[in-house]
Every structure is written in C-alpha cells, then in structure tokens.
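An overview of the molecular structure
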Amino acid sequence: MDMPEKIKLFVGECNTYFIDDNVKVLIDAGFDYPGKVDMILLTHGHPDHVKFLKPIMDRNPKCAVFMNIKEVELLIRNKVVIDDRFKALYEGKTKLNSGKYNFEVIDVPAHTKGSVAFYDEANKVLFSGDTIFKDGVGRTDLPESIPDFIDTAVTLLMGLESDIVLPGHGEPFVVEAPSEAPVAEDKPKKKAKK
Ligand SMILES: [Zn+2]
C-alpha cells in the first residue's frame, strides 16, 4: 500500500512513522531514527513505543515530545526521564502541525489509560497506535488497560473518514466504508380490511 506523501514507515519494536515535512515529526519511538527530529508524538507509553526515545532526544536536544499526561506513570515505569521537553496533549485542543499535516488528538483510553490517536481530517490519515490493527484490536488485558472502553475506542476510530490507517504494529490498512444497509424488501402489502 502506498504511504501518504512525506510519511515513511520504519519497522522496529513498533511501527515508527517519520514525517519529512517543514517540521520533522516522529510518531512513536520504536525505531532509532537517526536523522533530525523536531517533534515526537507518542500514541502511548508502552516500552516498545518509547524504546529509542532517549537516544533520539539526546541527538535532538530541542525536540519536543507530545504525550497524554495520563501516560506519565507508565513512562516513568518504563524508565523514561520526563523533562521540560515533554508537553501534555489535550484532546480536541492540541493542534499539531507539520506543514502538510495538521493533526488533531483523539482520546482512545482502552489499550492504556492515556492512549491517543492522531488524525488529519483534510488528508484523511489516521495514526491509530495500538487501538486498531489490520486484523484486530489492541490488548486490553493489561493492568494499565481499560477494557470496558475498547468498543467505544474502536467505533470512534473506525468511524473517522480515513484513506489510510497507520497502526502501531503490522501493515497500514484501509477501513472499508460500511456498505449501505440492505434495503428491506417490501413485502406485498395486504389490503387493509375494514
Ligand atoms: Zn501498546
């Protein structure tokens, strides 16, 4: 499947996406991307998604990291040292712009308490993290999961108009538009008897 313009996929501990735009953006840090990075967006704080955060930030001292504040505990547990380069995301309020792309933050607490997705409505691109994959949904049997919310989270993401979904693991995919509900066949109407 063709990747959207300016977006490259690097497969490491998790899918790591690089947006080669005016602002150089990395979505998750499961691959030790060696080039210049201005901004890192974290879908959540699992170890496979933050594994190379430190070396990337060390090489890019001005790099800002955007994350849901609800993931702080998980990040600390995964030995991430939080400093003033970490910025809190606010659903619907934080707009993240790379130049071509303008992402809105979608809260999808389920896989982890602070899981988020990044969605560009104009370009119809969705970074879904570990909430939806090509062949299923993310685990919700972990201590940091909220299993009761997975249906809501999946419905929310599947309902967004997207040309491509870029997940945290596995291949990018397309959400098939729900086929139109079959029209109920009209039964021959019986003449109302008076
Ligand atoms: Zn995960």
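One can find the structure itself at the top, above this paragraph.
Our subject in this report is the structure included herewith. (Residues numbered from 1 in each chain as written. Predicted model: local features only at pLDDT ≥ 70, side-chain atom pairs only at ≥ 80, totals over all residues.)

**Examining the sheet that holds strand β5 (residues 64-67)**
- Within the open sheet, the six strands sit side by side as β1-β2-β3-β4-β5-β6. Their pairing is mixed. Sheet topology places β1 (7-11) and β6 (86-88) at the edges, where each strand pairs with a single neighbour. Averaged over neighbouring strand pairs, the angle between their axes works out to 25° when direction is ignored.
- In this structure, β1 lies alongside strand β2 (residues 15-20), joined through five bridges in antiparallel fashion. Residue pairing for β2: V11 is matched across the bridge by N15. (Pairing = 2+ DSSP bridges. Helix = DSSP H or I, 4+ residues; strand = E, 2+ residues; numbered from the N terminus. Axes fitted to C-alpha atoms, helices over the stretch in contact; angles between N-to-C directions.)

**Brief notes about helix α4 (residues 150-158)**
- Those residues of α4 that sit buried are I150, A153 and L157. Taken down its axis, α4 places every buried residue within 65° of arc, on the same side. In α4, the exposed residues that point more than 90 degrees away from the buried face are D151 and T155.
- Lining the buried residues of α4 we find β9 (116-120), β10 (125-129), β11 (132-133) and β12 (136-137). (Buried ≥ 20, exposed ≤ 12 C-beta atoms within 10 Å, placed from the backbone. Arc of directions from axis to C-beta. Contact = placed C-beta atoms within 7 Å.)

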